[in-house]
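# Breakdown of the fold
Chain by chain, the residues:
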Amino acid sequence: MTATQRAAIEELLGRVSPVADALGERFAAQGRELAIVGGTVRDIMLGRFGNDLDLTTDAEPEQILKLVQGWADDVWTVGIEFGTVGCRKDGQQLEITTYRSESYSPKSRKPAVRYGDSLEGDLARRDFTVNAMAVRLPGHEFVDPYGGMADLRAKVLRTPGRPEDSFNDDPLRMMRAVRFAAQLGFAVDPPVREAAAAMADRIAIVSAERVRDELVKLLLSERPRAGVELLVELGLARHVLPEIPKLRLEIDEHHRHKDVYEHSLTVLDQAIELEHRRNMPPDLVLRLAALLHDIGKPRTRAFEAGGRVTFHHHEVVGESMARKRLAALRFPKDVVAKVAKLVGLHLRFHGYGSGEWTDSAVRRYVRDAGDELERLHVLTRADCTTRNRRKATALSRAYDDIERRIERLAEEEELARLRPDLDGNEIQRVLGIGPGPLVGKAYRFLMELRLDRGSIGVEAATRELLRWAAEEGIAPAGGASGAESSDGTE
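The rules behind each value
- Residues numbered from 1 in each chain as written.
- Predicted model: local features only at pLDDT ≥ 70, side-chain atom pairs only at ≥ 80, totals over all residues.
- Heavy atoms only, no water.
- Helix = DSSP H or I, 4+ residues; strand = E, 2+ residues; numbered from the N terminus.
- Buried < 20%, exposed > 50% of the residue type's maximum accessible area, 1.4 Å probe, protein only.
- Areas by Shrake-Rupley, 256 points an atom, 1.4 Å probe, with all protein chains shown as cover.
- Pairing = 2+ DSSP bridges.
- Core = buried A, V, L, I, M, F, W, Y, C linked by side-chain atoms within 4.5 Å.
- Contact = heavy atoms within 4.5 Å.
- Axes fitted to C-alpha atoms, helices over the stretch in contact; angles between N-to-C directions.
- Parallel < 35°, antiparallel > 145°, perpendicular 65-115°, else oblique.
- Left-handed = near helix turned anticlockwise from the far one by under 90°.
- Polar contact = N/O pair within 3.5 Å; in protein donor to acceptor, adjacent residues only side chain to side chain.
- Salt bridge = Lys/Arg side-chain N within 4 Å of Asp/Glu carboxyl O.
- Phe/Tyr/Trp six-rings, centres within 6.5 Å; stacked < 30°, edge-to-face > 60°.
- pLDDT = per-residue confidence, 0-100.
- Nonpolar A, V, L, I, M, F, W, Y, C, P; charged D, E, K, R; others polar.

Broken down by element type, the protein chain carries 22 helices and 13 strands. In the protein chain, which comprises 490 residues, the proportion classed as buried is 50%. Roughly 23300 Å² of accessible area belongs to the protein chain as shown, and the carbon and sulfur atoms make up 47% of that amount.

Have a look at this one:
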């Protein structure tokens with residue numbers, strides 16, 4: 001261990017020792033071991049300090065509970081069936097897990113947990129050597145039986161034992177290798193890559209929720225492109241996001257067109273760059289939409305005369321495919337809906353041309369985007385990957401123009417709260433009707449009028465509603481005059 005790394009450990013332990021050492025002494029008094037372990041130690045070495053501590057012990061869960069109750073400020077047992085007890089002390093969050101090993105049977109989706117009896121044995125079952133280091137408490141002895149420190153310096157991911165055994169124990173570790181490569185900028189050791197590629201189909205036995213959680217961490221990392229590329233290279237994407245490798249459309253001398261896979265990764269990169277420029281936090285919905293926006297292309301690809309390639313309606317097909325894939329991965333319904341909407345709308349701007357959209361068309365663009373308008377702005381800009389500077393500049397200027405027009409109309413018309421000049425109650429009063437489908441039909445007519453002409457005021461909207469009702473054969477009941485609003489104002 002270098003002097004810098006020893007200093008890093010001492011710095012972290014200096015921060016947590018009032019809590020960690022006190023707990024270590026409490027365990028030792030009962031003849032039990034306790035050690036800081038795993039990602040916490042790795043992050044210490046990388047100079048990344050957090051408020052959460054992962055600890056491991058030879059005490060079983062019920063014994064852990066007895067040792068922390070009355071000492072911790074708060075205790076929870078959500079993970080106790082997997083050997084983990086959580087607690088909080090003086091603002092420090094701790095997760096304490098019994099020494100263990102876990103493995104999957106060939107057809108199981110849940111790991112079988114077995115308790116161990118030594119720290120070295122617990123470290124042996126860890127996913128990678130850089131996560132198989134520990135610091136014993138309260139004595140601060142550094143434990144590194146599998147060369148994790150050397151691998152950390154070399155920035156390489158290796159498994160403590162044979163990678164085949166590690167991935168058999170928990171196939172999700174193959175995705176964790178991908179995620180750590182993206183998060184930390186580490187290389188994956190060749191034997192680990194080879195084992196993952198050979199065993200990629202084992203990922204199918206892992207629950208969708210666990211796969212989703214790894215995918216989320218990957219996409220929210222600093223370099224998700226590297227992780228996505230590795231998912232594809234290792235064959236894991238065929239089981240996790242099969243639509244992505246299918247984007248590598250065959251290109252031949254007769255039908256030249258952009259490689260949709262490379263384009264999608266570039267859009268992901270550019271969306272992240274725009275997040276930074278706009279001071280946005282890492283945005284899962286935006287990044288998913290950027291990655292998936294063209295997944296409808298393989299299904300819609302057609303060759304036309306002269307070697308032209310088309311993908312008509314790929315955004316419609318892609319919207320449905322994105323919805324289906326994300327639902328299968330158990331993403332929350334709101335995330336599924338938002339990503340699908342962005343995929344479905346990502347081509348809308350390309351009909352803007354040189355600014356010939358009417359104000360009505362701009363209003364509809366805003367209305368259809370709804371709460372996703374800001375994300376749609378970013379996705380649309382990121383979707384420009386042409387190397388033709390003149391074309392790229394023209395597209396950028398055109399989108400600058402549409403954003404200015406949206407801002408102007410927003411100021412004039414409160415686009416964010418776009419609604420007709422008459423509400424449902426006023427429609428009922430003007431037409432002399434009660435609640436029912438006819439009110440919705442009239443409301444939709446007035447909304448289209450609002451989109452076409454902007455706000456025309458209550459009086460004019462009332463006249464238009466009465467004219468529409470007459471054309472529809474609807475006779476206002478009760479002699480409603482329709483010339484005033486419900487409160488007598490225009």
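With that out of the way, let us pick up the pairing of strand 2 (residues 52–57). The side chains of a regular strand alternate, first on one face of the sheet and then on the other. Where strand 1 (residues 34–37) meets strand 2, three bridges bridge the pair, whose relative direction is antiparallel. Within strand 2, the residue paired with A35 across the bridge is T56. In terms of strand pairing, strand 2 meets strand 5 (residues 92–98) through six bridges, oriented parallel. When the sheet's bridge partners are listed, L55 is paired in strand 5 with I96.

Further remarks concern the nonpolar core. Grouped together as the largest cluster of nonpolar side chains are 113 residues, with contacts concentrated most on I96, I203, I244, F331, V339 and Y365. Ranked by residue count, the leading element in this core is helix 7 (residues 172–184), at nine residues. Those residues within four positions of I96 in sequence are excluded, and the remaining contacts are L23, F27, L34, L55, T57, I64, V68, G83, T84, V85 and C87. In terms of nonpolar packing, the next biggest core, distinct from the first, is built from 15 residues, L422, V439, V458 and W468 among them.

On to the packing of helix 20 (residues 424–431) against helix 22 (residues 458–471), then. With their axes 11 Å apart at the nearest point, helix 20 and helix 22 run at an angle of 60° to one another. Here helix 20 lies oblique to helix 22, going by the angle between them. Considering only the axes of helix 20 and helix 22, their crossing is right-handed. When helix 20 is examined against helix 22, the residues I427, V430 and L431 are found in contact with a partner set consisting of T462, L465, L466, W468 and A469.

Along the chain, the position of R158 falls in the loop between strand 10 (156–157) and helix 6 (163–169). As a C-alpha pair, R158 and N131 span 27 residues in sequence and 9.9 Å in three-dimensional space. When residues no more than four places from it in sequence are discounted, the contact partners of R158 are D127, F128, T129, Y146, G147, D151, D189 and V192. In terms of polar contacts, R158 uses its side chain to reach the backbone carbonyl oxygen of Y146, at 3.3 Å.

We now examine the pattern of salt bridges. In the structure shown here, the tally under the stated rule is 44 salt bridges. One salt bridge connects D165 with R162, and the closest N-O pair in it is separated by 2.8 Å. Judged by relative accessible area, D165 falls into the partly exposed class, the value being 38%. Residue E262 pairs with R225 through a salt bridge whose shortest N-O separation is 2.8 Å. Linking E262 in helix 12 (residues 260–277) with R225 in helix 10 (residues 224–234), this pair joins segments that are 37 residues apart in sequence. Taking the relative accessible area as the measure of exposure, E262 reaches 33% and is therefore partly exposed. Note on R225: relative accessible area 18%, which makes it buried.

What follows concerns the packing of aromatic side chains. All told, the structure shown has three aromatic pairs when counted by the stated rule. An angle of 90° between the planes, with centres 6.0 Å apart, marks the rings of F128 and F180 as edge-to-face. Note that F128 is positioned in the loop between helix 4 (119–124) and strand 8 (134–137) and F180 in helix 7, a separation of 52 residues in sequence. Accessibility assignment for this pair places F128 and F180 in one class, buried. On the basis of an interplanar angle of 70° and a centroid distance of 4.6 Å, the ring pair of F349 and Y399 is categorised as edge-to-face. You can see F349 sitting in the loop between helix 16 (333–345) and helix 17 (359–369) and its partner Y399 sitting in helix 19 (residues 389–413), a full 50 residues away along the chain.

A separate point is the confidence of the model for the protein chain. The predicted model of the protein chain averages 86 in pLDDT, with 88% of residues at 70 or higher. Across the protein chain, element-level confidence peaks in helix 13 (residues 284–292) with a mean pLDDT of 98 and bottoms out in strand 6 (residues 100–103) with 70. Taken together, the stretch residues 479–490 has pLDDT below 50 and engages in 17 contacts with residues farther than four places along the chain or on a different chain.

Here the focus is unusual backbone geometry. Residue L137 is joined to P138 through a cis peptide bond whose omega torsion reads 0°. For P138, the location among the structural elements is in the loop between strand 8 and strand 9 (142–143). Despite not being glycine, D90 shows a phi value in the positive range, around 50°.

What follows is about the pairing of strand 4 (residues 84–89). A large share of strand 4 lies buried, amounting to five of its six residues. Looking at chain direction, strand 3 (residues 74–76) and strand 4 are connected through three bridges and run antiparallel. Residue pairing in the sheet places V75 in a bridge with C87 of strand 4. As judged from the six bridges shared by strand 4 and strand 5, these two strands associate in the antiparallel manner. The residue of strand 5 that forms the bridge with C87 is L94. From the end of strand 4 to the start of strand 5, which pair antiparallel, there are two residues, and D90 there has a positive phi angle of about 50°.

What follows deals with the packing of helix 15 (residues 314–328) against helix 16. Relative to each other, helix 15 and helix 16 sit at 160°, their axes nearing to 8 Å. By the angle between their axes, helix 15 is roughly antiparallel relative to helix 16. Helix 15 and helix 16 meet at a crossing whose hand is right-handed. Within the contact between the two elements, helix 15 uses E315, G318, E319, A322, R323, L326 and A327 and helix 16 uses V336, A337, V339, A340, K341, V343 and G344. Its residues assigned to classes, the contact of helix 15 with helix 16 shows eight nonpolar, two polar and four charged.

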